[in-house]
Amino acid sequence: MTGGNVNEDFWMPLMFSTIAGLSTCLGAAVVFCHPKTQDGTKRLVSSDTMAFSLALAGSVMVTVSVISIGPECLHDPDTPSGYMPILSVQFVHRLISFALGCMLYFGLSWFAFPEPEELLGGPGGVFDSQQHQDDDASVMTETTRASIKTRKVSNTRRGTHAQRRHNNNTSDMASVSDNISAADVSCDTAALLENGIASRSPIARSSTPPSASSSVGGDVSSTSKKDDDEVLLHSLTRWSSGSDLDTKEQRRAWRVAMLLFVSLLFHNFPEGLAVAASTLESQKLGITVTIGIMIHNIPEGIAISIPCLMARPDAPWLSFFLASFSGLAEPFGAWVALFFLRDIAKEEDAYKNPALCMENVLAFVAGIMITVAMYELFPEGKRHCHAKSNGMFWYVTGTIMGIVVMILTEMGT
């Protein structure tokens, strides 16, 4: 094989996977089409838009898992039916991988991105603690007022006696000052001058430990840096969990955006593998697979960017970059395929351990996506279907459109 062919085999799959991943930007760019508020600082996201985008994302995830990932995971060319037996070891591996994907979602949902009610409401939550703090503050206020009143009465009673003692002390101090001699003043002045000269002499300065001031400054500097690091870490934690947001609706939208981001990040990685593997097999097949993945990456970009924009309406570029970044997992997956799987794919007996095969990875991804869709996207999208709006219409439209797009993509590839 010539050097040119080697370079083509490397850069062509990487280029196709990058193009497929960047198509997520097309869907993410929808955030710039939303109207602005009157002051122009925020973007408006309606409940109908949320219902449509979440239903679209849910249907895309479920459909691609059922009609694309599922048959690929269960395919077995050695059986007459073309699918592996239910009681086979390979099927158990797929089932375990699927269950691990479901468990990853629940772990993220409970620990990394908890429900806003669990984070901010209920006994022991921030709102509950704030309520207790308000009650304690009111009690302290009443106690402080009573104490101030008592002090005022006491001070009033003591005022006359204090004034009398002040007058007597003033007359006594005047008589004492008259008795101070000039000799005492001269002695005090001489002592002060002597101390000042001694403090400025080189010997006096050398007797002072030089490490005293420097050690104090170093301790202050290290403490200040440690405090700044703790503040930065605390701010990042609040930002990533959505605790810095003002309303409950914003926190719910941010939670959905983060769960979608993580799940689609895992989903796009094997897509990059698929693009690279198909391109290594045939350039024509690679182009076909790239176009199909590009088409269904567009609704994925919409699915991440819209909830993120609703959570942070003053940061449309954040929504755009977050959705676009999820597509970068595809060229990374292609890179892994090129460096680790290209030589393996040429050998039929390369997979000595069946638990590490690509089908188990796909089953793991399907477990994440189906669980996120059924437990988060569809319920959250339906919650935005208000009786006074067309939310239900857009919810059904998004569901149907996601199914149709995925079926057409699968037929095209």
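Coordinates for the structure precede this section.
First, a word on what this report is: a plain description of the structure on this page. The structure displayed is predicted, hence computed values, not measured ones. (Residues numbered from 1 in each chain as written. Predicted model: local features only at pLDDT ≥ 70, side-chain atom pairs only at ≥ 80, totals over all residues. Heavy atoms only, no water.)

### So, the overall build of the chain
No. 1: Per the secondary structure count, the chain includes 15 helices and zero strands.
No. 2: Looking at the chain as a whole, 35% of its 413 residues are labelled buried.
No. 3: Long-range pairs, those at least 24 residues apart, make up 79% of the contacts in the chain between residues at least 6 apart in sequence.
No. 4: Counting every atom, the chain has about 24,600 Å² of accessible surface; 65% of that belongs to carbon and sulfur. (Helix = DSSP H or I, 4+ residues; strand = E, 2+ residues; numbered from the N terminus. Buried < 20%, exposed > 50% of the residue type's maximum accessible area, 1.4 Å probe, protein only. Contact = heavy atoms within 4.5 Å. Areas by Shrake-Rupley, 256 points an atom, 1.4 Å probe, with all protein chains shown as cover.)

### Some details on the nonpolar core
No. 1: Counting 54 residues, the largest nonpolar core has M61, L260 and L377 as its most contacted members.
No. 2: In terms of residue count, the dominant contributor to this core is helix 3 (residues 47–74) (12 residues).
No. 3: Non-local contacts of L260, meaning those with residues more than four positions away in its chain, are made with L54, A57, M61, A303, I304, P307 and L377.
No. 4: Judged by nonpolar contacts, the second largest core, of eight residues, contains F10, L14, A337 and L338. (Core = buried A, V, L, I, M, F, W, Y, C linked by side-chain atoms within 4.5 Å.)

### Some remarks on the packing of aromatic side chains
Two descriptors summarise a pair of aromatic rings, namely the distance from one centre to the other and the angle between the planes of the rings.
No. 1: One pass over the structure, following the stated rule, counts 16 aromatic pairs.
No. 2: Where W239 meets W254, the ring centres are 5.1 Å apart and the plane angle is 65°; that geometry is what we call edge-to-face. Highlighted residues: W239 in helix 9 (residues 210–241) and W254 in helix 10 (residues 248–281), separated in sequence by 15 residues.
No. 3: The partly exposed category is assigned to W239, whose relative accessible area is 33%.
No. 4: Taken together, a centroid distance of 6.1 Å and an interplanar angle of 25° make the contact between F261 and F325 stacked. (Phe/Tyr/Trp six-rings, centres within 6.5 Å; stacked < 30°, edge-to-face > 60°.)

### Notes on the environment of A55
No. 1: Structurally, A55 can be placed in helix 3.
No. 2: Put simply, A55 and G402 are 347 residues apart on the chain and 7.9 Å apart in space, counted from C-alpha to C-alpha.
No. 3: If sequence neighbours within four positions are ignored, A55 has contacts with F378, Y395, G398 and T399.

### Regarding helix 10
Helical periodicity: at 3.6 residues per turn, an α-helix aligns residues three or four positions apart in one direction.
No. 1: An ideal rise of 1.5 Å per residue puts 50 Å on 34 residues; helix 10 measures up with 50 Å between its terminal C-alpha atoms.
No. 2: Across the 34 residues that make up helix 10, a large majority, 25, are buried. (Expected span 1.5 Å × (residues − 1).)

### Some thoughts on the pattern of salt bridges
Pairing of side chains with opposite charge becomes possible as their charged atoms draw close.
No. 1: All chains considered together, the criterion is met by five salt bridges.
No. 2: E249 is the partner of R383 in a salt bridge, and the nearest nitrogen-oxygen pair spans 3.0 Å. Note that R383 is positioned in helix 14 (residues 358–383) and E249 in helix 10, a separation of 134 residues in sequence.
No. 3: A residue is classified by how much of its surface remains accessible, and R383, at 32% relative accessible area, is partly exposed.
No. 4: Between R252 and E380 there is a salt bridge whose closest N-O contact spans 2.9 Å. Here E380 lies in helix 14 and R252 lies in helix 10, a separation of 128 residues in the sequence.
No. 5: Take E380: its relative accessible area is 4%, and that puts it in the buried class.
No. 6: Each member of the salt-bridge network shares a partner with another, and the members are E249, R252, E380 and R383. (Salt bridge = Lys/Arg side-chain N within 4 Å of Asp/Glu carboxyl O.)

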